[in-house]
Amino acid sequence: MMVIMKDGATDEQIQHVVDKLHEVGAEAHISRGEFKTIVGAIGDRETIQQIPLEALPGVERVIPIMKPYKLVSRQFKEEGTVVRVGPAELGGKKFTVIAGPCAVENENQLLESAKAVKEAGAHILRGGAFKPRTSPYSFQGLGEEGLKLLSKAREKVGLPVVTEVMDPRHVTMVSKHADMLQIGARNMQNFLLLKEVGMQDKPVLLKRGLSSTVEELLMAAEYILRAGNQNLALCERGIRTFETSTRNTLDISCIPIVKRESHLPIIVDPSHATGRREIIIDLARAAIAAGADGIMVEVHPDPCVALCDGPQALTFDDFAELMEGLKKIALAIGREI
Ligand code: PEP
Ligand code: MN
């Protein structure tokens, strides 16, 4: 249920509503908009309906949230959420570009990549220290050593960093080094991990599961907001379909759908969506045109020798070309880059 407060409702009146909800064991989540404050009442509907909420001072009306997701819904919070990652932001007017290698391999590879992507205009550096690999014999990432290299790259190059956390036991360690924690596609429904990143205060990037619906993505996001962390951005990274010409199928339609359903920012990862370097620039353009708040792309100094995802890594020149194309579209649709 959403308890819509009157314009100018006082803090005491809002608190009174919250107290009444707590009295019956319901949760109260406050969303303060520019004009209105909404108290999201979450719990057993019949119990909540026993409170005469509409009669409480300062309450304008009470309406049910029909969707299974509540806190992430646009109905609960009308204005788009802007997630700040160091000096960068996701969800504002700016189109944000996250770039870097699939995996942190060594200091040179990371620093070279960081410098090149910054120079071409990227806003956030990516790089995996813990890699979710299909085969246990593949490179698994440098672990904590990789995190330290990411911290070093931030200091030397001046870009905030996003990196994946795969294990609830690693959340504290990863959040010490990262500016944003990534939940990978394979862990989208690792509910313990979602709760854990929801309880710490670094922003989170939640990638859509390989075979997950938009509703499942939003329900996974709900776990993180419910645990207390409102700084969440979503990422469409392609889904499994019958098509074999690309690694996955980029579901471009999920961008306007998520935008309608949720106030959370959404970005697109055309690298994992396609697995093919030569079509990444085209899909990045499609993403910005369809209303995405940013992209995440993989870039490597020498893709032929990459330890992970070489075929989808852009060279530094490719990346510079991608940025130039995006700038033109950004200008045409009134976004900054
Ligand atoms: C990644 O971004 O490093 C990654 C492994 O992507 P995904 O979880 O989308 O497969
Ligand atoms: Mn990768």
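Residues numbered from 1 in each chain as written. Chains lettered and ligands numbered in written order. Predicted model: local features only at pLDDT ≥ 70, side-chain atom pairs only at ≥ 80, totals over all residues. Heavy atoms only, no water.

(A) View of the site of ligand 1. Around ligand 1 sit Arg126, Lys131, Pro132, Glu164, Gln182, Gly184, Ala185, Arg186, Lys207, Arg237, His272 and Met296, and that is every residue in its neighbourhood. A distance of 2.7 Å is found between an oxygen atom of ligand 1 and a backbone nitrogen or oxygen belonging to alanine 185. Between ligand 1 and arginine 186, the relevant distance is 2.8 Å, taken from an oxygen atom to a side-chain nitrogen or oxygen of the residue. Alone, ligand 1 offers 290 Å² of accessible surface; in the complex the protein occludes 96% of this. Using a 2 Å cut-off from the grid points, one finds that ligand 1 occupies the largest pocket. Split by residue class, the shell around ligand 1 holds 3 nonpolar, 3 polar and 6 charged. (Near = heavy atom within 4 Å. Polar contact = N/O pair within 3.5 Å; in protein donor to acceptor, adjacent residues only side chain to side chain. Areas by Shrake-Rupley, 256 points an atom, 1.4 Å probe, with all protein chains shown as cover. 1 Å grid on protein atoms, 1.4 Å probe; cavity = no way out; pocket = protein on both sides within 12 Å on 5 of 7 lines; lining within 4 Å. Sits in = over half its atoms within 2 Å of the grid points. Nonpolar A, V, L, I, M, F, W, Y, C, P; charged D, E, K, R; others polar.)

(B) Layout of the coordination of the manganese ion (ligand 2). Protein ligation of the manganese ion (ligand 2) involves Cys102 (SG), His272 (NE2), Glu298 (OE) and Asp309 (OD), the donor distances falling in the range 2.0 to 2.4 Å. Donor residues for the manganese ion (ligand 2), ordered by position in the chain, follow C-x169-H-x25-E-x10-D. Separated by 37 residues along the polypeptide, histidine 272 in helix α9 (residues 270-274) and aspartate 309 in the loop between β14 (294-298) and α11 (316-332) bring together distant segments of the chain. Per residue, the accessibility class of histidine 272 equals that of aspartate 309, and both read buried. (Donors = N, O, S within 2.8 Å, 3.2 Å for Na, K, Ca; no water. Helix = DSSP H or I, 4+ residues; strand = E, 2+ residues; numbered from the N terminus. Buried < 20%, exposed > 50% of the residue type's maximum accessible area, 1.4 Å probe, protein only.)

(C) How the structure looks around the domain arrangement of the protein chain. Under the domain assignment, the protein chain is made up of domain 1 (2-63) and domain 2 (83-333). The gap between the C-alpha centroids of domain 1 and domain 2 is 36 Å. (Domains from an automatic or database assignment.)

(D) The pattern of salt bridges, seen in detail. Applying the stated criterion across every chain yields a total of 21 salt bridges. Of the charged contacts in the structure, one is a salt bridge between glutamate 27 and arginine 226, with a shortest N-O distance of 2.2 Å. Taken together, the residues span a long stretch of sequence, with glutamate 27 in strand β2 (residues 27-32) and arginine 226 in helix α7 (residues 214-226) at a distance of 199 residues. Taking the relative accessible area as the measure of exposure, glutamate 27 reaches 23% and is therefore partly exposed. In this structure, the salt-bridge partner of lysine 207 is aspartate 269, at a minimum N-O distance of 2.7 Å. Here lysine 207 is found in strand β11 (residues 204-207), whereas its partner aspartate 269 is found in the loop between β13 (266-268) and α9, with 62 residues between them in sequence. Per residue, the accessibility class of lysine 207 equals that of aspartate 269, and both read buried. Members of the salt-bridge network, linked through shared partners, are Asp7, Lys36, Glu60 and Arg61. (Salt bridge = Lys/Arg side-chain N within 4 Å of Asp/Glu carboxyl O.)

(E) The packing of aromatic side chains, seen in detail. A complete count under the given rule lists 1 aromatic pair for this structure. Plain terms: the ring middles of phenylalanine 191 and tyrosine 223 are 4.6 Å apart, the flat faces sit at 25 degrees to each other, and that makes the pair stacked. Of this pair, phenylalanine 191 sits in helix α6 (residues 191-198) while tyrosine 223 sits in helix α7; the two residues are 32 residues apart in sequence, bridging distant segments of the chain. On the accessibility criterion, phenylalanine 191 (32% relative accessible area) is partly exposed. The partly exposed category is assigned to tyrosine 223, whose relative accessible area is 32%. (Phe/Tyr/Trp six-rings, centres within 6.5 Å; stacked < 30°, edge-to-face > 60°.)

(F) The arrangement of the sheet that holds strand β10 (residues 180-183) in detail. Ordered in space as β7-β8-β9-β10-β11-β12-β13-β14, the 8 strands form a closed barrel in which the pairing is parallel. Shown here is a sheet whose adjacent strand axes are inclined to one another by a mean of 25 degrees, direction ignored. In this structure, strand β7 (residues 96-100) lies alongside β14, joined through 5 bridges in parallel fashion. Paired with isoleucine 98 across the strands is methionine 296, a residue of β14. Of the strands in this sheet, β8 (124-126) and β9 (161-164) are in contact with helix α4 (residues 144-157), which crosses β9 at around 170 degrees. (Pairing = 2+ DSSP bridges. Axes fitted to C-alpha atoms, helices over the stretch in contact; angles between N-to-C directions. Contact = heavy atoms within 4.5 Å.)

(G) Structural view of the layout of surface pockets. Empty space within the largest pocket amounts to approximately 240 Å³. Contributing to the lining of the largest pocket are 19 residues, with Pro132, Arg186, Arg247, His272 and Asp309 lying nearest its centre. Residue composition of the lining of the largest pocket, grouped by class: 4 nonpolar, 6 polar and 9 charged. The calculated volume of the second largest pocket comes to roughly 210 Å³. What lines the second largest pocket is a set of 14 residues, and nearest its centre among them are Gly33, Lys36, Ile38, Glu78 and Glu79. Of the residues belonging to the lining of the second largest pocket, the class tally is 5 nonpolar, 3 polar and 6 charged. (Points joined across faces, edges and corners; volume = space filled by probe spheres on them.)

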